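An overview of the molecular structure
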Amino acid sequence: MSMGTAGLETQPSATTYDLEDLITHAWSGKIRVPHFQRDFRWGTQDVIRLFDSIIKGYPIGSLLLWVRRSPADTLTLGRLKIEAPASEETLWVVDGQQRITSLANALSPQGNPHTPFSVYYDLAAKEFVPQPKTLEPQHIPLPVLFDLKVLIGWFRGEGQAAFEYFDEADRVAKILRQFKVPAYLVRQNDEKILTDIFDRMNNYGKRLSRAEIFSALFAGPEEGHQNRLSLSRIADRVADRTGFGTIDDDTVLASILARRAPDPARDIRNEFEESGRRAVREFPGEDRDTAYAEGEEALVRAVGFLQTHAGVPHLSLLAYRALLVVLTRFFAHFPEPQENTLRLLRRLYWRVAVAGPAVFKGSFTQVGRVLSARIKQGDERGSIHGLIAAMADAPTSPPNAVRFKTNEATAKVVLSAWWSLGPRSLVTGQRFDAQDLATLLGDQSTAAMAAHRIYPRGLTPQQQLLASNRLFLPTSTDPVDEIPILLGQRPIDLDDRTWKAVLASHCLNDSMIDDILKDNRNNFLTKRQEAITKQLQEFLNRMAEWNYEDTPSLDSLDLDELDDLAE
């Protein structure tokens, strides 16, 4: 957003609200949260700390509220559904959403039963606590504590055994209702100024993510926002369309930006302005809604490539999210690449997955920038060879599978190699498919729920980390807590041939099963680690094709042009 002299016509006015009045406003729909605000992020301990600060008389920060006319609407505030009437002076929360949402829900009978708002006050210990598993007489829910009439009734009924603590309850209730919350009220009709204030408050302090700032800056008007795409909505739609899992908003934003210009890490404030920006956009005149819609389509094509060609069925197996950003840019410019291009893209993915940290010195911002810059609009052949050339000096050694942690790239590479074997159920012998993986993992960012330890106990810390102590079973029905037992006895309804196929799909053989039956864990882990290392090398050789010429196919060459050069 460009700097200028235009600003607020009048300075924000300072005021204070009794907490009781503030919460009443929230419950009645007079306080609303703009759609560009980030999602609620607090956990139970954050909510407890807020109430603890109030009781101790600590400041909880000022609210910044935008005063504006608003139509009647059905609102969602945390767990609360509110029928809000039209109002000439609705208070829209520019800063303070987490606090307002926490207070309104924890003090409400409708919101309090739900995590993270299920907070109680322990009258004996004089402290706020999460909802106890076993309720004692001294445990009182906050909605009861907050309402004087309800509080008195509670002590006459179910809280009668805790009547000795009535004075403590009365003390805390008064502090809650009368606590003063400072607020600044902004009266300004220009939404651009509002988002500028939001940007300055949250960006300079680095309290919001890049995606959250972008969403706020280019949210559009409040009216009609339900029908517009947002970064989160794009992530949900891509997940629904592909079964790939939910991509985080920052990666969605980077993908949309990479589609429009080579540097996905560029300044975002002037993204949809034709003047006042350095980078030339490749889709001039495109508005925000079009960029979002086209970005979603390119992202879906990139995900489809990963699933169909690169052997990456789910987000949890994606080595580096920066690669998804680069692929989105490629498929935005070349929606239907030639077969040889797809093959070279597969090589690129796996070469970066294996050697990316060495080539790009661990900077994944550089992965996005360097590789995206190699993609030239209108030049598919030049783009793919520019990408491959960027990895020309990359090392070809496979990662070492002695440290298997599902949130690290090495484990994701190993899991992809195992997926290529078509892992099978130890019970039914059936091969798991991508739908099984998507159903089990859902929105999980790692495959921890599908990568089960064979021996959860009884190994050294180093052995626990070995890939050979893991089995890739994307199942919700197999008894995964009994893997050694399952492996030690072939199911009666599976013939030998099928059982051998089951074992092979997990890098296992009869010799390893014999070690399991004899409880010879060291031999088992050593043998299986060797088999995993061999299978991983073969998989990467096949996918990365290090020993192949990175040349274009004949059908991608302009033979007429070559004839002209020959003359």
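Whatever comes next refers back to the structure up there.
The present account deals with the structure reproduced in this document. This structure is a prediction, so every number in the text was calculated from the model and none was measured. (Residues numbered from 1 in each chain as written. Predicted model: local features only at pLDDT ≥ 70, side-chain atom pairs only at ≥ 80, totals over all residues. Heavy atoms only, no water.)

Side note on the pattern of salt bridges
As a reminder, the rule being used: Any Lys or Arg side-chain nitrogen located within 4 Å of an Asp or Glu carboxyl oxygen qualifies as a salt bridge. Helix numbers and strand numbers start at the N terminus; a helix is a DSSP run of H or I with at least 4 residues, a strand a run of E with at least 2. For every residue, the accessible area (1.4 Å probe, protein chains only) is compared with the maximum for its type, and the residue is labelled buried under 20%, exposed over 50%, or partly exposed between those bounds.
Tallied over the entire structure, the rule returns 28 salt bridges. Here Arg 241 ties to Glu 296 by a salt bridge, and the two come within 2.8 Å at their closest N and O atoms. On the criterion of sequence distance, the pair formed by Arg 241 in helix α9 (residues 231-242) and Glu 296 in helix α11 (residues 288-308) is long-range, its members being 55 residues apart. Given the relative accessible area of 44%, Arg 241 is considered partly exposed. Note that Arg 241 is salt-bridged to Glu 297, the shortest N-O span being 2.9 Å. Separated by 56 residues along the polypeptide, Arg 241 in helix α9 and Glu 297 in helix α11 bring together distant segments of the chain.

Structural notes on the environment of Leu 323
How we decide: By definition in these notes, contact holds between two residues if any of their heavy atoms fall within 4.5 Å.
Looking at the secondary structure, you find Leu 323 in helix α12 (residues 321-333). For Leu 323, a relative accessible area of 1% corresponds to the buried category. What Leu 323 contacts, discounting residues up to four positions off in sequence, is Tyr 349, Val 352, Ala 353 and Leu 371.

As for the sheet that holds strand β8 (residues 127-130)
Heads up, the rule is: By this definition, two strands are paired if DSSP reports at least two bridges between them. A fitted line through C-alpha atoms represents every axis, and for helices the fit uses only the stretch in contact; the resulting angles, taken between N-to-C directions, go from 0 to 180 degrees.
Judged by pairing direction, the sheet is antiparallel, and its three strands sit side by side in the order β8-β7-β9 without closing on themselves. Single-partner strands in this sheet number two, and they are β8 and β9 (139-141). Strand-to-strand twist of the sheet, defined as the mean angle between neighbouring strand axes without regard to direction, takes the value 40 degrees. Pairing analysis gives three bridges linking strand β7 (residues 119-122) to β9, with the strands arranged antiparallel. The residue bridging Tyr 120 from the neighbouring strand is Pro 141, located in β9.

Some points on the sheet that holds strand β2 (residues 31-32)
Sheet architecture is open: five strands sit in the order β1-β10-β3-β6-β2, paired in mixed fashion. Two strands close off the open sheet at either side, each with one partner strand: β1 (13-18) and β2. Where β2 lies against strand β6 (residues 87-95), two bridges are found, and the strand directions are parallel. Residue pairing for β6: Ile 31 is matched across the bridge by Leu 91.

Overview of the environment of Ser 255
Examined against the element boundaries, Ser 255 turns out to sit in helix α10 (residues 249-260). The residues contacting Ser 255, other than those within four sequence positions of it, are Leu 299, Leu 324, Val 325 and Thr 328.

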